[in-house]
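# Architecture and fold: a report
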Amino acid sequence: QVQLVESGGGLVQAGDSLRLSCAASGRTFSTYNVAWFRQAPGKERECAAAIKWSGGYTYYADSVKGRFTISRDDAKNTVYLQMDNLKPEDTAVYYCAADKFLLRLRVGRSEYDYWGQGTQVTVSS
């Protein structure tokens, strides 16, 4: 089992950048695929970005492609989400999640086994 703790959220203006961190404890992070989901008020939780356990394959939602970058540092047991050129529509609670199924990078909410508590990102116009 793995415990996940997100940090790095905050209030920024449109065009600014933020870097979210997801620190894992309890088990090495390198045995999981990891994703960043986000949920805006009144909307479904969606996968913004995901990274395979090997780090060699990533997924990005169309709405964040070219602006967000997911990366992992397994030596630090941490996954990052670099968010550049933030837009008001990026406002949401961002959650880190880990998936034990390693053969394919999945993006469905129900497919992830472990979740962090979330961190709020608010982008003002």
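For the structure itself, consult the block above.
If you're wondering where the values come from, they're calculated on a predicted model, not measured in any experiment. (Residues numbered from 1 in each chain as written. Predicted model: local features only at pLDDT ≥ 70, side-chain atom pairs only at ≥ 80, totals over all residues. Heavy atoms only, no water.)

### Things to note about the pairing of strand β8 (residues 78–83)
As a reminder of what qualifies: Residue exposure (1.4 Å probe, protein chains only): buried if accessible area is under 20% of the type maximum, exposed if over 50%, otherwise partly exposed. Segments assigned H or I by DSSP are reported as helices when at least four residues long, segments assigned E as strands when at least two residues long, and all are numbered from the N terminus. In this analysis, strands are considered paired if DSSP registers two or more bridges between them.
By the criterion of burial, β8 is predominantly enclosed, with 5 of the 6 residues buried. Both strand β7 (residues 68–73) and β8 contribute to a ladder of 6 bridges, which runs antiparallel. Bridged to Ser71 within β8 is Tyr80. Here β7 hands over to β8 after 4 residues, with Asn77 in that stretch at a positive phi of 55°.

### Quick word on the packing of aromatic side chains
What counts is decided by this rule: Between rings of Phe, Tyr and Trp, where Trp is taken as its six-membered ring, a pair exists when centres lie within 6.5 Å; planes separated by under 30 degrees are stacked, by over 60 edge-to-face, and by other angles tilted. A positively charged side chain is recorded as over a ring if its NZ (Lys) or CZ (Arg) lies within 6 Å of the ring centre. The angle to the ring normal must also be within 35 degrees.
Enumeration according to the criterion identifies 5 aromatic pairs in this entry. Between Phe37 and Tyr112, the ring centres sit 5.2 Å apart and the planes meet at 75°, which makes this aromatic pair edge-to-face. Taken as a pair, Phe37 in strand β4 (residues 33–39) and Tyr112 in the loop between β9 (92–99) and β10 (114–115) lie far apart in primary sequence, 75 residues in all. In this structure, Phe37 and Tyr112 share a single accessibility class: buried. What makes Tyr112 buried here is its relative accessible area of 5%. Within the aromatic cluster, the residues linked to one another by ring pairs are Phe37, Tyr95, Tyr112 and Trp115. In this structure, Arg45 is placed above the aromatic ring of Trp115, and the distance from its NZ or CZ to the ring centre is 5.0 Å. When the ring centre of Phe29 is taken as origin, the NZ or CZ atom of Arg72, which lies over that ring, is 5.8 Å away.

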